[in-house]
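Listed below, chain by chain, are the residues.
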Amino acid sequence: MIAVLKHDASPERTEMLIEWLKKQGLGVHVSQGEYTTVLGLIGNTKNVDMDMLRSLDIVESVTRVTDPFKAVNRKFHPDDSVVPIGDAGLTLGGGSFGLIAGPCSVECCDQIVGVAQRVKLAGANMLRGGSFKPRTSPYDFQGLGGEGIRLLLEAKKATGLPIVTEIMDIRTLDLFEDVDVIQVGARNTQNFDLLKELGKTNKPILLKRGLAGTIKELLMSALREHLHPQHAGSLRRAGAQGADPPARGGGSQPRHRTRIPRRLHGPGGGGRRRGRPDDRGAQRSHPRPQRRRAVPHPRRLRRSGKADLQNPGGAGMMRVGIIGLGLIGGSMAKAYKRDPRWEVYGANRSKSIVDFALIAQAIDGELTDEILPTLDLLFLASYPQGVIDQLRRVASMLSKDCVVIDLSGIKQKVCEACFPIAEEYGFTFVGGHPMAGTHNSGFKYSRADMFDGAPMVLVPPVFDDIELFDRLRTLLLPARFGRISAITAEEHDRRIAFTSQMAHIVSNAFIKSPTARQHDGFSAGSYRDLTRVAWLNPDMWAELFLENREPLLFELDTLLASLRQYRDALEEKDFDILRALLDEGRRIKEEVDGR
């Protein structure tokens, strides 16, 4: 999976997002280009919520990558890798062209130094020579081994050319400490233990395509090296024959699939053949501008919420805490965060959601026990029993000046339990129900404008306290409610049984018709409006329905009686009664809407 960040994403928030992703058990590869930063997510990404990542305003897009060679994929790293060679300033990749030349094997000092001088005059900028030779016959020359590397270093000293030589055995790795580029031959392309160790060396690796190997197999071998974060880069050496990249035995490497620089395999024999057409084309190709990867490591800046508790927020600042950062609680946090006069602190059963809310800048910090006594306002955004349990836990820590408002869907059970708790500890508790929401649930769907213009229904402990109502209106200003009204808990639950809970039951029952699975192409606005809230949170609504059982049963019985009238009229084919029923419903709707 890859997440592309917007060009104006700050280093601090980028680092916070990376840390959050790592806490989800993922590896994160960062590729920073000129205009975008790409986060490549490695690991089990099946449980990663793409919609949640997309909800961040610093994220441009989130997509899943199906190619298995993710760490070397251009989707993870859109810019070319630029691999430094040696200490002379030579680089490959990003438009830089390199030419490697030299003998098949190193035989003596005069031979390799002489060849090095000639290839340098010819324009090559790296010297290749075999110190260890993979010969099939034990009677053939096997190379000089460590002595051959010493002779290559002599040639490097004489000409300044970086040296390239092949490793055969992991046990000889110490001999390659001063080698600039380590070559892995075709026979060792699938020697995975060797590749993993080479990935730890921080040296460029010249990886030759395996015998009859596919492009995918070559890339997976390169991936073995790149699984180590300290590895500088890999130079892949691909065959130059064939036209089908994934096929065995041929195919040039497709540049659009991977960011790693490639090396075309020229003639290997000692004849006078000129370079192949692919080699000449590579020299003529238009170079791309050089771009170095620069992965910033900014200091993570996060407000802990523990500083300056004696003067919270400074003069004139107000503090709101929110327990439960789901759809409603998260939207409330984002709404208050719009107002610079408020500091917002959040808590959630899942610490991961709190961390994500910090990245989303929905809160200023985590709501801790140290912050609770400094709050002016506390929202409890949970299920009814959760609200009661949360208030019992925090009641002793709240200031007597704090106002607590719950945001659950029913009020009798909540207010009957919470009013006495508030009276015991001296703070104010008010039942609250914002008349806004969506059929989706969770922080990822929360919005700062969720409550703009929406009604807010309050259940206060008393109804004759004008000062309390004025204070509540002031405290609720950042949410931008359209109308704030007060009602008793009993009346609230009776009305909500009809306006909200019945709508969810009817919608959920309506969609159970077998015809629902065949509706495609036959549905318009009426179907969408009626079934929208069938997509609900079953745990929450089951609790709400049971806690408001009596008013809901009354509404269900009323509906069932009305439906029976329509059914009887249809069964009797009585046009006049059916028309009268429909007309009655139309007229009541007009009266209710004030038309």
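Rules used in this analysis
- Residues numbered from 1 in each chain as written.
- Predicted model: local features only at pLDDT ≥ 70, side-chain atom pairs only at ≥ 80, totals over all residues.
- Heavy atoms only, no water.
- Salt bridge = Lys/Arg side-chain N within 4 Å of Asp/Glu carboxyl O.
- Helix = DSSP H or I, 4+ residues; strand = E, 2+ residues; numbered from the N terminus.
- Axes fitted to C-alpha atoms, helices over the stretch in contact; angles between N-to-C directions.
- Parallel < 35°, antiparallel > 145°, perpendicular 65-115°, else oblique.
- Left-handed = near helix turned anticlockwise from the far one by under 90°.
- Contact = heavy atoms within 4.5 Å.
- Nonpolar A, V, L, I, M, F, W, Y, C, P; charged D, E, K, R; others polar.
- Phe/Tyr/Trp six-rings, centres within 6.5 Å; stacked < 30°, edge-to-face > 60°.
- Buried < 20%, exposed > 50% of the residue type's maximum accessible area, 1.4 Å probe, protein only.
- Lys NZ or Arg CZ within 6 Å of the ring centre and 35° of its normal.

A. Representation of the pattern of salt bridges in the model. Going through the model one piece at a time under the given rule, you end up with 26 salt bridges. In this structure, Arg 473 and Asp 470 form a salt bridge, with 3.9 Å as the shortest nitrogen-oxygen distance. Here Asp 470 and Arg 473 lie together in helix α12 (residues 466-475), a separation of three residues that amounts to about one turn. It is possible to trace a salt-bridge network through shared partners that takes in Lys 23, Lys 351, Asp 355 and Glu 366.

B. Layout of the packing of helix α16 (residues 549-571) against helix α17 (residues 575-593). Where α16 contacts α17, the two axes come as close as 8 Å, and the packing angle between them is 150°. By the angle class used here, α16 and α17 are roughly antiparallel. Relative to α17, α16 is oriented so that their crossing is left-handed. In this structure, α16 contributes Gln 565, Tyr 566, Ala 569 and Leu 570 to the contact, and α17 contributes Ile 577, Leu 578, Leu 581 and Leu 582. Along the lines of polarity and charge, the residues of the contact of α16 with α17 split into seven nonpolar, one polar and no charged.

C. Inspection of the packing of aromatic side chains at higher detail. In the structure shown here, the tally under the stated rule is eight aromatic pairs. With a centroid separation of 5.1 Å and an interplanar angle of 85°, the aromatic rings of Tyr 336 and Trp 342 are classed as edge-to-face. By relative accessible area, which is 0% here, Tyr 336 ends up buried. Owing to a relative accessible area of 7%, Trp 342 belongs among the buried residues under this scheme. Aromatic side chains Trp 541 and Phe 545 sit 5.7 Å apart centroid to centroid with 45° between the ring planes, which places their arrangement in the tilted category. Here Phe 545 and Trp 541 lie together in helix α15 (residues 538-547), a separation of four residues that amounts to about one turn. Judged by its relative accessible area of 12%, Trp 541 falls in the buried class. Through a chain of ring-to-ring contacts, three or more aromatic side chains come together here, namely Trp 20, Phe 356 and Phe 443. The lysine or arginine in question, Lys 334, covers the ring of Phe 443, its NZ or CZ lying 4.7 Å from the ring centre.

Keep in mind that these numbers describe shape and distance, not what the molecule does.
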